[in-house]
Structures are given as structure tokens and as C-alpha cells.
Amino acid sequence: RPFTFMEPHALALAEDGALYVCDKKALRLHAFVARSGRLIWSKDMPCSSLALSAPPAQRHLYVTSRWTGPESKQHDPSRLHVLERAHGEVVSVTTFDQGRDAGQFEELHGIGVTKEGIASSCPIFGGTGRRGKTFSQTTMTRGAEAFRSL
């Protein structure tokens, strides 16, 4: 049900007027036309935060996730999903090992992208790995095999 939200947790507004809503508790991601509210697409997937790739194209939507489900007490490894923004198709998924070393996250939570296409991410404040990481746009769209921390 696209207009019923359990816990809307993150929003991203594209330059073309598309609005993306992460419903964290319902494990669902929605894309709307912001002006009319018309649903573009909806996808069942865990999500914590959202960011769009660099303008002007904003071709990709970056989605972070960190939970197996709303009733789960066990943490799922943190993931970065890269989606084609137009249809919500998954381009790549990078899974990060849990931990405090390079390339690991305790609980990946936030993500932001600069106009140059450099993404920065951070764990939640309650986690023990309290530091951010920076990634290039190229490594994010190629998936785990191309992952490297800058």
C-alpha cells in the first residue's frame, strides 16, 4: 500500500521532482512524483537512508540498510544498494563486514553525496565504530568487488 507508511525514515528529492521515501519499518522504498503524489514505483527492501547520485543526471539512488526485519533482534550486515532511479532496479549491492576496521561498519546508517559524486557515509551514534567513510561514485555502482575506501 503505497500511501500507508509505518515509519518513514528518510527522504530524497531529485531535481526532476521525483520524491523517494524509505519506510524503514515496512521494509519498503517508494518513488513518487512530488507535485502530484502519483506513485512511480515501490520496492520491498530494507532501507535506512537515501541519497541521489550527483546532478545533473542523478541516475542512481543509493540506499543503506542494516536490519533483517522489524521484529528481528539480530543485526544484518550493513549494505549499500545502488538502484537505477527510473525503475528501482538494483544495479549493485555492497555488503560490509561488521567491525571497526577499514571497509567495515558496525551499523551503516547515513549517506550523502556531493555535487562532484563523492559519497560519505556514517554509522549510527550508538555503534562503537564512530567514524565516517568516503567512496567514489564509480566504486559504489560496481559493487562489492570494486569497493575501496578513499
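See above for the structure.
Residues numbered from 1 in each chain as written. Predicted model: local features only at pLDDT ≥ 70, side-chain atom pairs only at ≥ 80, totals over all residues. Heavy atoms only, no water.

A. Representation of the side chain of S53 in the model. As for its position among the elements, S53 is in the loop between β5 (49-52) and β6 (60-67). Its relative accessible area of 1% is what places S53 among the buried residues. Of note is the side chain of S53, whose polar atom sits 3.0 Å from the backbone nitrogen of R59. (Helix = DSSP H or I, 4+ residues; strand = E, 2+ residues; numbered from the N terminus. Buried < 20%, exposed > 50% of the residue type's maximum accessible area, 1.4 Å probe, protein only. Polar contact = N/O pair within 3.5 Å; in protein donor to acceptor, adjacent residues only side chain to side chain.)

B. Just the state of the cysteines, in detail. Considering all chains together, one arrives at one disulfide under this definition. For C22, the disulfide goes to C47, at an S-S distance of 2.3 Å. Because the sign of the S-S torsion sets the handedness, a value of about 105 degrees for the bond joining C22 and C47 places this disulfide among the right-handed ones. A residue pair is termed long-range when its members are at least 10 positions apart, and C22 in strand β2 (residues 18-23) and C47 in the loop between β4 (39-44) and β5 qualify at 25 residues. By relative accessible area, C22 is classed as buried at 0%. (Disulfide = S-S within 2.5 Å.)

C. The packing of aromatic side chains, seen in detail. All told, the structure shown has two aromatic pairs when counted by the stated rule. Both rings, one in F5 and one in F32, keep their centres 6.3 Å apart while their planes meet at 70 degrees; by these two values the pair is edge-to-face. Placement of the pair is F5 in the segment before β1 (8-13) and F32 in strand β3 (residues 28-33), with a sequence separation of 27 residues. For F5, a relative accessible area of 32% gives the class partly exposed. For F32, a relative accessible area of 6% translates into the label buried. Ring centres 6.0 Å apart and planes at 45 degrees place the aromatic pair Y20 and W41 in the tilted group. With Y20 in strand β2 and W41 in strand β4, the pair connects residues that are 21 residues apart, well separated along the chain. (Phe/Tyr/Trp six-rings, centres within 6.5 Å; stacked < 30°, edge-to-face > 60°.)

D. Seen up close, the nonpolar core. Ranked by internal contacts, the top residues of the largest apolar core, which has 16 residues, are Y20, L29, W41, L50, L61, V63 and L83. Among the secondary structure elements, those contributing two or more residues to this core are β1, β2, β3, β5 and β6. Sorting elements by how many residues they give to this core places β2 first, with three residues. Beyond its immediate stretch of four places on either side in the chain, L29 contacts V21, C22, W41, S42, K43, M45, L50, L61, V63 and L83. Ranked by size, the runner-up nonpolar core spans six residues in total, among them A51, Y62, L80 and F96. (Core = buried A, V, L, I, M, F, W, Y, C linked by side-chain atoms within 4.5 Å. Contact = heavy atoms within 4.5 Å.)

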